[in-house]
Amino acid sequence: GEEVGEDLRGRVLGGEVCMWSEQVDETNLHQKIWPRAAAAAERLWSSSSVRDLGDARRRMSLLRERMKARGRRRRRRRR
């Protein structure tokens, strides 16, 4: 994509992640949307100077482990 010029960056309020329904249902919603949303958030809320892919992978891995742990806790509460 295109870089947003320095003169316009202060006008950007945020971003969004879209998920089209033909690609997702109740069985795969979370595994589809959260990794994509996390990747978008990484770009949207990180400084433009942040370019370390290895560091981003580490953060994504931590997020994945937190999501897995929450899923396990949620399944236990349903029983």
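Residues numbered from 1 in each chain as written. Predicted model: local features only at pLDDT ≥ 70, side-chain atom pairs only at ≥ 80, totals over all residues. Heavy atoms only, no water.

(A) Region of the structure containing the pattern of salt bridges. By the definition in use, this model includes 6 salt bridges. Linking K68 and E65 is a salt bridge whose minimum nitrogen-to-oxygen distance equals 3.3 Å. Note that K68 and E65 are positioned in helix α3 (residues 53–78) at a spacing of 3 residues, about one turn of the helix. Through salt bridges with shared partners, one network takes in E42, D55, R58 and R59. (Salt bridge = Lys/Arg side-chain N within 4 Å of Asp/Glu carboxyl O. Helix = DSSP H or I, 4+ residues; strand = E, 2+ residues; numbered from the N terminus.)

(B) Layout of the side chain of E42. On the secondary structure map, E42 appears in helix α2 (residues 29–45). Apart from the residues lying within four places of it in its own chain, the contact partners of E42 are V50, A56, R59 and M60. (Contact = heavy atoms within 4.5 Å.)

(C) Structural detail: the environment of W34. With respect to the helices, strands and loops of the structure, W34 is situated in helix α2. Spatially, the C-alpha atoms of W34 and R64 are 8.9 Å apart, while their sequence positions differ by 30 residues. For W34, the contacting residues outside a window of four places in its chain are L63 and M67. A distance of 3.1 Å separates a polar atom in the side chain of W34 from a polar atom in the side chain of H30. (Polar contact = N/O pair within 3.5 Å; in protein donor to acceptor, adjacent residues only side chain to side chain.)

(D) Representation of a nonpolar patch on the surface within the structure. Among the surface-exposed residues, V4, L8 and V12 lie close enough to one another that they form a single nonpolar patch of about 230 Å² accessible area. As for its placement among the helices and strands, L8 is situated in helix α1 (residues 6–9). A residue is classified by how much of its surface remains accessible, and L8, at 41% relative accessible area, is partly exposed. (Patch = residues over 30% accessible without salt bridge, like charges linked within 9 Å, V, L, I, M, F, W, Y side chains within 5 Å. Areas by Shrake-Rupley, 256 points an atom, 1.4 Å probe, with all protein chains shown as cover. Buried < 20%, exposed > 50% of the residue type's maximum accessible area, 1.4 Å probe, protein only.)

(E) Local environment of the environment of L62. Following the sequence through the fold, L62 ends up in helix α3. Put simply, L62 and S46 are 16 residues apart on the chain and 17 Å apart in space, counted from C-alpha to C-alpha.

So, to be careful, I would describe these as geometric facts and stop short of saying anything about function.
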